[in-house]
Each structure stands twice: as structure tokens, then as C-alpha cells.
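Letter by letter, the chains look like this.
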Amino acid sequence: MGKKILLITAFLFICIAGFPDSGQFFTEGNKDTKPDYAGNNPEKAAILVDLSQHPNAISPLIYGQFIEFLGRCIDGGIYEEGSPLSESNGFRKDVLQAVKELKPTIIRFPGGTVTKIYHWEDGIGDENKRPPRKNLIWGGIIDNHFGTAEFIEYCHEIGAEPFLVVNMATGTPEEASNWVEYCNGTGDTFYANLRRSHGYEKPFNVKYWGIGNEESAVPDAGKDQKVRKYIEDGWQFVKLMKLQDPTIKITLDGNPADLNWGRKIMAEMNPVCDFLSVHFYVMPADSTYDSLLQSVENFNQSFDSMRTIIRTVPGQVKDFSPWYRFPPRQNPVKLAIDEWGIWDMSSGKGTGTYQLEYLYNWADALAVGKFLNLFQRNSDIIGLATWAQTVNVLAPVMTSKEGSFCQTVYTPLQAFRRYSLENHLPIGVTSPLLNDNLKSIDATATISADGKELVISLLNLSVNEAISTKVVFKLPGKNSQLQFLEHIGYTAPSLGSTNTFGKNCVNEIKTNQFQNSDSGFEIMIPPASINFLRFKIKTK
């Protein structure tokens, strides 16, 4: 592969006609529509990348997944005893490989709403002695053969951090505290020894714990649906769990539909809140492409509102009473988007339990890419995120008794994890409009921690129009140079294209071709495509 070097100095950028100084346009990427870097050509786009801008760290935990006892997500999905496709421990080998290649950094379990009736001690010890329970939330039976140890083993298999959510509704603070001891205990104590008796000498070291799930939801089988009650009970859960292991990270319930809920949680529980949970599902008003994209775009307002809430509290906790007998949080509060995804309830296309088995198309994949760009632009306040869910239920991976396949949404989930770097770098974007509210070009940039690599993730959301895009750089010094490595692009035959068993509609194209200019380069971005432009930053 031939490599081209772009020698771009700060002097060149000062001299470019029509480009104002960086202070006028380096804001948050796609939120800024002026000035027009594309030379007042409404059919072209431009991206301005100033490498002197201060980057924000992107938490690696934003690339997580979620599994729940719902339909065929766990039983019949990731876990299927007796199947010729499964390992001896019951893990589906084909699914395990697909999830490994998806590279989730964290996995949330056992729910979800089902936590309200889930008792962790049902899922430990001899599998043949574990009690089957009626799934009062989603229907069916939970045989509990996939329990705590199996979940931990699965996380170890794929290299992900485990994230456990405790039962606040029919469970107790003591039960939750005992679960922490079972997982993390190292002393000569009952639940630590119980884990050892089950064949696990070393502790599981579960760092991330959630206190309930959507407890404000009135139709659910909870009892903490008033924020005052949640705070009162939540403190007791946190206290007993932290006294077992003071190093655990706590996620508390937020409620993006009721901002007052989040404000009160922050006001009264911020000393022990590492993450504030919010759930963001794309639920289009109808099944049109514009409605799908607009549903993602609307979350800009949600992030702005949540940023206001979590920044009402100091980054560091002061005057925390030593009589709690455990330390407060050590870092600023961040959001845990521990359920997110596309849930097109209006389409009527879902099958299975609660019609949650969707066949995603290429339009959905583009929406996922837009969502992930949104996550990166808000990396200053996001601590973790888990796509809901992983297998069969609103999922990137689908199974039958005979095999499995990866859906279109698998492509952006995997590609962003593969190509994105450690830090988000603010960029300026000018683009033709898709409609009155949406740009055709949606882009973000990430830069490596050592400042030696750069990646631009770039979507062309236009259905039919390829868009000429000028990428302009401002490097930090005269001795800097930029090496273009490759362009990776993903397309499909149409917005409605889907994958199924034995058929993959997604095309991947890699190239190092572009039109060079003295101020950067121009590239033609195919319609309805997801793209990654990779560069190396060097010093002469």
C-alpha cells in the first residue's frame, strides 16, 4: 500500500483565504454550522481539524453490552445447554466468537427490569440444585443454570468487566451486601467461603454495581418509585455494599424524563455516586429514515440537560464523615448509559417475546453510527454505556438452533471499537443539510493518548448523494507532519438492506487514495456510508 505524506504547517493555515482564525469555529463539531469552510458551496462539506485543541478522554467503558433474562437473550442465545454448537459449559461457541470480535469492554447483568424479582443465590452452586423460577417480568422460566459464576466466566472469556445490578424491589440491602462478599470477599467469611466451595478460590473482583433499575417506573414491580424513597433505601444499599468492599463503583438511577429526580439524587447522594444511570432508546415517531435520525439527534438536548445536573456537584467530595467507614467517590460523577439502542415499536416488525426480536437494516446501522459519534462528542460526561441487548433481543447477534449471524448494527458497533482512539478531539464541520434539522455529514475525531495517531469517523447520511468533503488540518507546529494511512468505508445496497443467515449485505472498502491539496485533501464520501479516516502524526 502506497503511503502519502501531507506536510502541513501552521503557516499554511494562517494564509488560507476564507478560513477565519480557529477561535471562531472550534466548538462542538456538528452543533456549529458556521463559518462555511466549504467555500460557500452548499453541495460540498468540510472538516477542520485543529490538533492544538484540548482533547477529552473517552472512557473505554462506553463500548459495553447488556444481557438480561428476556426472551432468547441468555437462554437460547449466549447460553444453550445440550446444543451441538455449545461448549461443555453451555456457552454457544458461534455466539461467543461473535461477541469476542465485538470487543465489549463491560457487560451488564442480570437486568434490566428483571432484577426486581431476581435473587442471586438462586444462581450459584450445583446447577442441578438451582431452583427454577417463573419470570414474572418477561414471562417464561428462569432455570438459573446461567448465574453469577457463569456470567463472570463469560466476561473473562471475552475480556470484559462485569457489571452487576442488585434487586431493590424484592431484595434487601443485606442480600446485595452478601452478593458483594460472594464476588469479592477475600477473608475467612461465610459468603467468600461459599464461593470457594463452589470451586472459585480467587475473588471475582466485580468493580461495577448498579443500585436498582429504572426504579421510578410506576408500571414496574418496584417500591422505590418516589425519589425520596429511592434515596432513603439507596443509602442503605450503598452503605452495606461499600462496607463489604469500599473500592466498588456505584451506579445510581437517573431519570431523563424527570430531571428533578436526577437533581435530588445528585444533591443528596453525590458523595457515593460514581455514575448516574440514564437509558436512551431510539424510538422513532414513525418508520421513516428521517424520523429515525431525528430521534438520535434529539438526544443532544438530553445530554445538555444531564450535563447541567451532574455538574451541580463538585468533582471531589469534601467533608465526608469518617464514620461511614468507607471513602467517598474519588472522581467526578459521570453518566452510565447502561441501556441504549434502537427500539422501533411503531414498525410492527418485531417478533418473539414482547416483539423484541428485530431485523435491523442499514438505516439502523447509520443511526447507530450517529449515536456513537454523539457519545464521543459528549465524552466529558459519559463514564460507561451498554448496548441493550447482545443476542436476539434488540441485538447485534441473532441465533437459531442451527447457527447465527451478525446484524447490520454489528458493523458500526464493532468498527467504532476497532478504530476509535483514546481521546475525543473537537472539530469543525460544515455540511449540506439532509433536512431542516439534520446535516448530511456527521463527523467526530479521536486522537491517541500519545498524540501520534488520529482517526476521523465520518457518516454520509444522504441516501443518494456522494458528498465531496474537504479535510483541513492545523498541526501544532512547523515540524509536524501528517501521514494518511487508510480510508475504511462501509456501505450496503440500500437503506432497507438486512443481514440474515448466510447473507451479509455490508460491503467494506479500504483505500489510501485521495485528492491532495496544499491545505489538506478532498475525499468523495459515498452515500449512506460509515467511514473512518486514519492518520499518523509525526515530527520531522
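Residues numbered from 1 in each chain as written. Predicted model: local features only at pLDDT ≥ 70, side-chain atom pairs only at ≥ 80, totals over all residues. Heavy atoms only, no water.

Engineer: Kindly report on the environment of isoleucine 525, identifying the contributing residues and their values.
Structural biologist: Inspection of the secondary structure assignment puts isoleucine 525 in strand 24 (residues 520-525). You can call isoleucine 525 buried: its relative accessible area is 0%. In this structure, the C-alpha to C-alpha distance between isoleucine 525 and serine 462, residues 63 residues apart in sequence, is 9.9 Å. Filtering out sequence-adjacent residues up to four positions away, isoleucine 525 remains in contact with Leu458, Asn460, Glu465, Ala466, Ile467, Thr469 and Asn531. (Helix = DSSP H or I, 4+ residues; strand = E, 2+ residues; numbered from the N terminus. Buried < 20%, exposed > 50% of the residue type's maximum accessible area, 1.4 Å probe, protein only. Contact = heavy atoms within 4.5 Å.)

Engineer: A description of the side chain of asparagine 178 should follow, citing residues and the corresponding values.
Structural biologist: By the element assignment, asparagine 178 lies in helix 4 (residues 173-184). By relative accessible area, asparagine 178 is classed as buried at 14%. A distance of 3.4 Å separates polar atoms of two side chains, one belonging to asparagine 178 and the other to tyrosine 191. Once residues lying within four places of it in the same chain are set aside, the contact partners of asparagine 178 are Trp120 and Tyr191. (Polar contact = N/O pair within 3.5 Å; in protein donor to acceptor, adjacent residues only side chain to side chain.)

Engineer: I'd like to hear about helix 4, residue by residue, with values.
Structural biologist: Helix length check: helix 4, at 12 residues, gives a terminal C-alpha distance of 16 Å against a target of 16 Å (1.5 Å per residue), a fit within 8%. Turning to helix 4, its buried residues number three or more, namely Pro173, Glu175, Ala176, Ser177, Asn178, Trp179, Val180, Glu181, Tyr182, Cys183 and Asn184. On its buried face, helix 4 sits against helix 3 (148-158), strand 8 (161-166), helix 5 (190-197), strand 9 (208-211) and helix 6 (227-244). (Expected span 1.5 Å × (residues − 1).)

Engineer: Hey, could you go over the sheet that holds strand 4 (residues 64-66) for me, with residue numbers and the actual values?
Structural biologist: The 8 strands are arranged 4-5-8-9-10-11-12-13 in a closed barrel whose pairing can be described as parallel. Recorded for the sheet is a direction-independent mean angle of 30° between the axes of neighbouring strands. Across 4 bridges, the pairing between strand 8 and strand 9 is parallel. By the bridge assignment for strand 9, valine 165 is matched with glycine 210. With respect to the sheet, helix 6 is in contact with strand 8, strand 9 and strand 10 (249-253), its orientation differing from that of strand 9 by roughly 155°. (Pairing = 2+ DSSP bridges. Axes fitted to C-alpha atoms, helices over the stretch in contact; angles between N-to-C directions.)

Engineer: Please give an account of the confidence of the model for the protein that cites residues and values.
Structural biologist: Taken over all residues, the pLDDT of the protein has a mean of 91, while the share at 70 or more is 91%. Here residues 1-38 is modelled with pLDDT under 50, and outside its nearest four sequence neighbours on either side it reaches 91 contacts, counting other chains as well. (pLDDT = per-residue confidence, 0-100.)

Engineer: Explain the packing of aromatic side chains to me, and be specific about the residues and the numbers.
Structural biologist: Following the criterion strictly, the structure yields 43 aromatic pairs and no others. Consider the rings of tyrosine 208 and phenylalanine 275, whose centres lie 6.2 Å apart with planes at 50°: the pair is tilted. With tyrosine 208 in strand 9 and phenylalanine 275 in strand 11 (residues 275-282), this pair connects stretches of sequence that are 67 residues apart. By relative accessible area, which is 9% here, tyrosine 208 ends up buried. Look at phenylalanine 275 and you get buried, because its relative accessible area is 10%. Pairing tryptophan 340 with tryptophan 387 gives two aromatic rings, centres 4.8 Å apart and planes at 85°, and the pair type is edge-to-face. (Phe/Tyr/Trp six-rings, centres within 6.5 Å; stacked < 30°, edge-to-face > 60°.)

Engineer: Lay out the nonpolar core in plain terms, naming residues and giving numbers.
Structural biologist: In summary, soluble globular proteins display a tendency toward joint burial of nonpolar side chains. The biggest cluster of nonpolar side chains holds 131 residues, and the ones touching the most others in it are Phe146, Trp209, Ile211, Ile265, Phe303, Trp340 and Phe375. Those residues within four positions of phenylalanine 375 in sequence are excluded, and the remaining contacts are Ile62, Phe303, Ile337, Trp340, Ile382 and Ala385. Ranked by size, the runner-up nonpolar core spans 26 residues in total, among them Ile427, Val429, Ala445 and Ile523. (Core = buried A, V, L, I, M, F, W, Y, C linked by side-chain atoms within 4.5 Å.)

Engineer: An account of the environment of glycine 254 is needed here, citing residue identities and associated values.
Structural biologist: Mapped onto the fold, glycine 254 is located in the loop between strand 10 and helix 7 (259-269). The sequence separation of glycine 254 and serine 216 amounts to 38 residues, and the corresponding C-alpha distance is 8.7 Å. In this structure glycine 254 touches Trp261, Leu276 and Ser277, once residues within four positions along its chain are discounted.

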